[in-house]
Amino acid sequence: MKGLRGMAWLLVFQSVGELLSRGLSLPLPGPVLGMMLMLAGLRFEIVREPVSACANFLLAHLSLLFVPVGVGVMTHLALLGQYGGRMLFVIALSTWIGLAVTALVLFWPDRHAKSTTDA
């Protein structure tokens, strides 16, 4: 029962985020606003305990959530055969670009702080 309350909390926060995003014409997506609200809500026991139970349940059955993706890939094997090499290249390239940008962003403040203290 606690897991169902946790799922209800997740849906409430997502719905409120959607309402805020659309109602106030904010540039952030509703689920992102909902996650920020949920982060604030997790400070309270009434929210934290049920959401924890729901998260544990979902994580225990995470492999089932990949079944629709696998079925989708199997139904489009012809496309995968036709464009698979290009898709693999684009995925690898975008992963490396994302890693490089993340590394630069993480190390930039450290280098910037050292250069200002040296002066």
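Residues numbered from 1 in each chain as written. Predicted model: local features only at pLDDT ≥ 70, side-chain atom pairs only at ≥ 80, totals over all residues. Heavy atoms only, no water.

Peer 1: Can you explain the packing of helix α1 (residues 2-23) against helix α3 (residues 45-60)? Please cite residues and give values.
Peer 2: In the contact formed by α1 and α3, the axes pass within 7 Å of each other and the chain directions differ by 105 degrees. Regarding the angle of α1 to α3, the classification is roughly perpendicular. Contacts between α1 and α3 pair K2, G3, R5, G6, M7, W9, L10 and F13 from the former with I46, V47, E49, P50, V51, A53, C54 and L58 from the latter. Residues of the contact of α1 with α3, tallied by class, amount to 11 nonpolar, 2 polar and 3 charged. (Axes fitted to C-alpha atoms, helices over the stretch in contact; angles between N-to-C directions. Helix = DSSP H or I, 4+ residues; strand = E, 2+ residues; numbered from the N terminus. Parallel < 35°, antiparallel > 145°, perpendicular 65-115°, else oblique. Contact = heavy atoms within 4.5 Å. Nonpolar A, V, L, I, M, F, W, Y, C, P; charged D, E, K, R; others polar.)

Peer 1: For the pattern of salt bridges, give the residues involved together with the corresponding values.
Peer 2: All told, the structure shown has 2 salt bridges when counted by the stated rule. R22 is the salt-bridge partner of E18, the closest N and O atoms lying 2.9 Å from each other. Of this pair, E18 and R22 both sit in helix α1, 4 residues apart, roughly one helical turn. Relative accessible area serves as the criterion here: at 24%, E18 is assigned to the partly exposed category. (Salt bridge = Lys/Arg side-chain N within 4 Å of Asp/Glu carboxyl O. Buried < 20%, exposed > 50% of the residue type's maximum accessible area, 1.4 Å probe, protein only.)

Peer 1: I'd love a proper account of the packing of aromatic side chains, names of residues and values included.
Peer 2: Counting across every chain of the model gives 1 aromatic pair. The interplanar angle of 25 degrees and the centroid separation of 5.7 Å between the aromatic rings of W9 and F13 together place this pair among those described as stacked. One end of the pair is W9 and the other is F13, both in helix α1 and 4 residues apart, which spans about a single turn. Under the relative-accessibility criterion, W9 is labelled partly exposed at 28%. Given the relative accessible area of 12%, F13 is considered buried. (Phe/Tyr/Trp six-rings, centres within 6.5 Å; stacked < 30°, edge-to-face > 60°.)

Peer 1: How would you explain the packing of α1 against helix α2 (residues 30-41) if you had to name every residue and give the values?
Peer 2: At their nearest, the axes of α1 and α2 sit 7 Å apart, and the two run at 125 degrees to each other. By the angle class used here, α1 and α2 are oblique. α2 is crossed by α1, and the crossing has right-handed handedness. Contacts between α1 and α2 involve L10, F13, Q14, V16, G17, E18, L20 and S21 from the first element and G30, P31, L33, G34, L37, M38 and G41 from the second. Looking at the contact of α1 with α2 residue by residue, the classes come out as 8 nonpolar, 6 polar and 1 charged. (Left-handed = near helix turned anticlockwise from the far one by under 90°.)

Peer 1: For a nonpolar patch on the surface, give the residues involved together with the corresponding values.
Peer 2: There is a patch of nonpolar side chains on the surface, built from V69, V73, M74, L77, L79, L80, Y83, M87 and I91 and spanning about 810 Å² of accessible area. Among the secondary structure elements, those contributing two or more residues to the nonpolar patch are α4 (67-75) and α5 (77-118). No other element matches the 6 residues that α5 contributes to the nonpolar patch. As for its placement among the helices and strands, M87 is situated in helix α5. (Patch = residues over 30% accessible without salt bridge, like charges linked within 9 Å, V, L, I, M, F, W, Y side chains within 5 Å. Areas by Shrake-Rupley, 256 points an atom, 1.4 Å probe, with all protein chains shown as cover.)

Peer 1: Please provide a residue-by-residue account of the environment of F66, values included.
Peer 2: Turning to its location among the elements, F66 is positioned in the loop between α3 and α4. Judged by its relative accessible area of 54%, F66 is exposed. Taking the C-alpha atoms as reference points, F66 and W108, separated by 42 residues in sequence, lie 37 Å from one another.

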